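Coordinate analysis (summary)
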Amino acid sequence: MQRFRVALLLAGLSAAGTATANDVHLLTTGAFKGVALSLIPQYEAQSGNKVVVESDTAGGIIHKIETGAAFDLVVLTSQAVGKLVSESTTDLAKVGVGVAVKSGAPRPNFATPEAFKQMLLKAKSIAYIDPKAGGSSGIYLTGLIQRMGIDKKLKRKTVLVNGGLVADKVASGEAEIGLQQISELSAVKGVDMLGPLPKEIQNYTVYAAGIGVKAEEPVAAKALLDVFTGPSAAAVLKARGMQLPGM
């Protein structure tokens, strides 16, 4: 009889633990994914919940949401996120575009806009996100190259990446120069992230978060958002090549 009572008690505790644990569905752009993955273990340890992470370009995420994808929390460019969530948004970070080469390769000069232009013209191949994929860096770089008047000269040696990490193309040797947000270039082994674009042509993207209109776990999503803006976030952002939005 005593064993039976103990078994019932243990079963009840197990069921209670299962009932209080929730899956929080996070949609995030690739630029913030590394930060999110670094901070999520802190949230999971505090809450007992699990976070399901889905990553895509900004345009890809917008398409997912507009076609009915379920999510609790989304991290997206600040211009877009406000139209897709139920409450006010919270700015999390900003990041600029950087330049990367394969580890050990010569480091080209791109300290000025003209030097950057000459670097692209002299490179055997360059890679950046295909603007059609909806990535903010690809959209900006396409316009920048057009304004510099070198888009036709670069066309044959440009590797357009359909989302994901441009630095993978650099590490594999498919491209000599990689251009993308610094946080994404820094996430790949086998490449050297050389630094940001010159300030005269730099473009910063601000990433913000919001809770979904139809979020199944809005309270849990808010707790995850609190971790993304908490005391641990600043050091993680810096390590990933991002900055606090107010800097």
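Further up the page is the structure itself.
Below you will find a few notes about this structure. As the structure is a prediction and not an experimental result, all values here were calculated from the model.

The rules we used
Residues numbered from 1 in each chain as written. Predicted model: local features only at pLDDT ≥ 70, side-chain atom pairs only at ≥ 80, totals over all residues. Heavy atoms only, no water. Core = buried A, V, L, I, M, F, W, Y, C linked by side-chain atoms within 4.5 Å. Buried < 20%, exposed > 50% of the residue type's maximum accessible area, 1.4 Å probe, protein only. Helix = DSSP H or I, 4+ residues; strand = E, 2+ residues; numbered from the N terminus. Contact = heavy atoms within 4.5 Å. Pairing = 2+ DSSP bridges. Axes fitted to C-alpha atoms, helices over the stretch in contact; angles between N-to-C directions.

Attention now moves to the nonpolar core. Counting 30 residues, the largest nonpolar core has Phe32, Leu73 and Phe228 as the members making the most contacts within it. Counting only elements with at least two residues in this core, the list comes to strand S1 (23-29), helix H2 (30-47), strand S3 (73-77), strand S4 (90-95), strand S10 (205-211), helix H10 (218-228) and helix H11 (233-239). A per-element tally of this core places H2 first, with 7 residues. Discounting residues that sit within four places of it in the chain, phenylalanine 32 has contacts with Val75, Leu92, Ala93, Phe228, Leu237 and Met242. Grouped together as the second largest cluster of nonpolar side chains are 22 residues, Val101, Met119, Leu120 and Tyr128 included.

Here the focus is the sheet that holds strand S5 (residues 97-102). Taken in spatial order, the 5 strands of this open sheet run S7-S6-S8-S5-S9, and their pairing is mixed. With one partner strand each, in any of the chains shown, strand S7 (158-161) and strand S9 (191-196) form the two edges of the open sheet. Mean inter-strand twist for the sheet, computed between neighbouring axes without regard to direction, equals 25°. Bridging between S5 and strand S8 (residues 177-181) involves 4 bridges; their strand directions are antiparallel.

It is worth stressing that arrangement in space is one thing and function is another; only the former is reported here.
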